[in-house]
Every structure is written in C-alpha cells, then in structure tokens.
Amino acid sequence: MIIVYGADWCEDTRRSLRHLRRLGVAHRYINIDEDLDALVRAKALNDGRRRTPTIDLGMGGTALVEPDNDTLTGALVEMDMLTEADAHDRLGVQNVGDFERVLRTSAGAALALAGSASPRALRWPLRLFGAAVALTGLTGWCPVYQYASVTSIDGPGDRPDEAHRKAWLSSRPAAPAAVPNPAEIAK
C-alpha cells in the first residue's frame, strides 16, 4: 500500500493526492501535523528532514519526496503498479480541471434557468445546452477537449494557485505505443 505522508496545507501534497486519485491508485494519506508517529516515519524516509509530501511506495524502493506528477507516474509504472497505457487512459477520463468544472457547472445551471425565462422557441435549446455544459462540469470530461486532445488539468483551469503553466489549455500527451507481445511476433 502506498503511504503519502503530507500536510493538509501543503499544495504539493494536495496535488499528489489528486493525481493518485485520478490514476485510481490505492493509497493511504497520513497528515504528519496530526500524527507524530507518522512524522517520525516520514523523517526517517527523508534523511531526518521534514518535507511534504513524502511518498512511500512500500516495495522496498526509495521514497519519493515532493515528486511532480510525471515523476510519481513514472515511479508507479516502474514498480509495475500500472502500465503507461493504463496511466494515459486513466488520466484521459478527466480532461477538465477543478476550477473550470465549477465554472462549467455554474454556467450550465445559469443557462438552463435562463431557458425557463426565454421566449418559447429558445427554451428547450437553452435548457439542453445548459444541461450539456453542466454535465461536462459535473463529470470533469469534455468531448470537445477529448477530440482536440487538450486538457485544462494542471493549468489555471484546474487549481489556479497550483498551476504549472499560464495557458488555460495544453495538448494531452499521446498514448504510448503498444509493446508487441513476443508470442505474437514469433507467429
């Protein structure tokens, strides 16, 4: 079991926990501000220093200290906890950042309500469009973003105070090439 030693106030801890959730990787979070035994264990993994997050992958490997998302994903792939293709697919399930999700849900609800007060010819189109926009906010997935291979995750549309870039959208990395099965090659 992966153990994340962190603190609720730490942006890197929140980002790492969010990334593990998006990847669907089982983990346990321990707040070292509330659990002094966990603080001692985290410092032991970290040459006696208090740094968050410290992520113990639990398989005899070295702990990850303040890893970025790519480093964390790479370590999970290296430890065979998931494949590159699995990681790509799981991260593709959500392509709308958290802040943008709130905006889309609010705007969709506003459009649906505006449809109620609109002229008869515009009522249902506005309601349906509002519902579609709100649905992309609720699910965190936008078919237009998927088709265009873009995402607002890790930008200002996700968590503005934790953004890794200034542009709202960035291109989504391509899926890794499938590794051929040696048994198939022999045929």
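Residues numbered from 1 in each chain as written. Predicted model: local features only at pLDDT ≥ 70, side-chain atom pairs only at ≥ 80, totals over all residues. Heavy atoms only, no water.

1. Examining the packing of helix α5 (residues 98–117) against helix α6 (residues 120–139)
Counted only if it meets this: Between the N-to-C directions of two axes lies an angle of 0 to 180 degrees, each axis being a line fitted to C-alpha atoms and, for a helix, fitted only over the stretch in contact. In DSSP terms, a helix is any run of H or I states spanning at least four residues, a strand is any run of E spanning at least two, and both are numbered starting from the N terminus. What sets the label is the angle itself: under 35 degrees gives roughly parallel, over 145 gives roughly antiparallel, 65 to 115 gives roughly perpendicular, and the rest give oblique. Handedness of a helix crossing follows the sense of rotation of the near helix relative to the far helix, less than a right angle counterclockwise being left-handed and clockwise being right-handed. Any two residues whose heavy atoms approach within 4.5 Å are treated as being in contact. All amino acids are sorted into three groups, where Ala, Val, Leu, Ile, Met, Phe, Trp, Tyr, Cys and Pro are nonpolar, Asp, Glu, Lys and Arg are charged, and the leftover types, Gly among them, are polar.
The interhelical angle for the contact between α5 and α6, taken along N-to-C directions, is 165°, at an axis separation of 7 Å. Taken as axis vectors, α5 and α6 run roughly antiparallel relative to one another. Seen along the crossing, α5 lies across α6 with a hand that is left-handed. Note on element contacts: α6 touches α5 through R123, L126, R127, F129, G130, A131, V133, A134, T136, G137, L138 and T139, opposite R101, R104, T105, G108, A109, L111, A112, A114, G115 and S116. Broken down by class, the residue content of the contact of α5 with α6 amounts to 10 nonpolar, 8 polar and 4 charged.

2. Comments concerning a nonpolar patch on the surface
Quick reminder of the rule: Exposure above 30% relative accessible area and the absence of a salt bridge qualify a residue for a patch, where like charges join within 9 Å and nonpolar side chains (Val, Leu, Ile, Met, Phe, Trp, Tyr) within 5 Å. Surface exposure here means Shrake-Rupley accessible area, sampled with a 1.4 Å probe, where a residue is shielded only by the protein chains that are shown. Salt bridges are defined as contacts in which a side-chain nitrogen from Lys or Arg sits within 4 Å of a carboxyl oxygen from Asp or Glu.
A contiguous nonpolar patch, built from F99, L103, W168 and L169 and spanning about 340 Å² of accessible area, is present on the exposed surface. Along the chain, W168 turns up in the loop between β5 (150–151) and β6 (170–171).

3. Here we look at helix α2 (residues 36–45)
Test applied: Between buried and exposed lies partly exposed: a residue is buried under 20% and exposed over 50% of the maximum accessible area for its type, with that area taken using a 1.4 Å probe on protein chains only. Relevant arc is that of directions from the helix axis to the C-beta atoms, nothing else. N or O atoms within 3.5 Å of each other form a polar contact, as long as, within protein, one can give a hydrogen and the other can take it, and as long as residues adjacent in sequence are counted only when both atoms are side-chain atoms.
When α2 is considered as a whole, its buried residues turn out to be A38, L39 and A42. For α2, the arc enclosing every buried residue in end-on projection is 105°, short of the 170-degree limit, so these residues lie on one face. For α2, exposure combined with an orientation more than 90 degrees from the buried face picks out L36, D37, V40 and A44. At its buried positions, α2 is contacted by β1 (2–6), β2 (27–31) and β3 (54–56). Taking the backbone nitrogen of D37 as reference, a side-chain oxygen 3.1 Å away marks D35 as the first, capping residue of α2.

4. Focus: the sheet that holds β3
Rules: Here a strand pair is declared whenever DSSP counts at least two bridges between the two strands.
Spatially, 4 strands are ordered β2-β1-β3-β4 in an open sheet, and the strand pairing comes out mixed. Pairing within the sheet leaves two strands with one partner each, and these edge strands are β2 and β4 (64–65). Inspection of the sheet shows β1 paired to β3 by 3 bridges, in the antiparallel sense. Note on β3: the bridge partner recorded for V4 is I55.

Everything listed is a geometric property; what it means functionally is a separate question.
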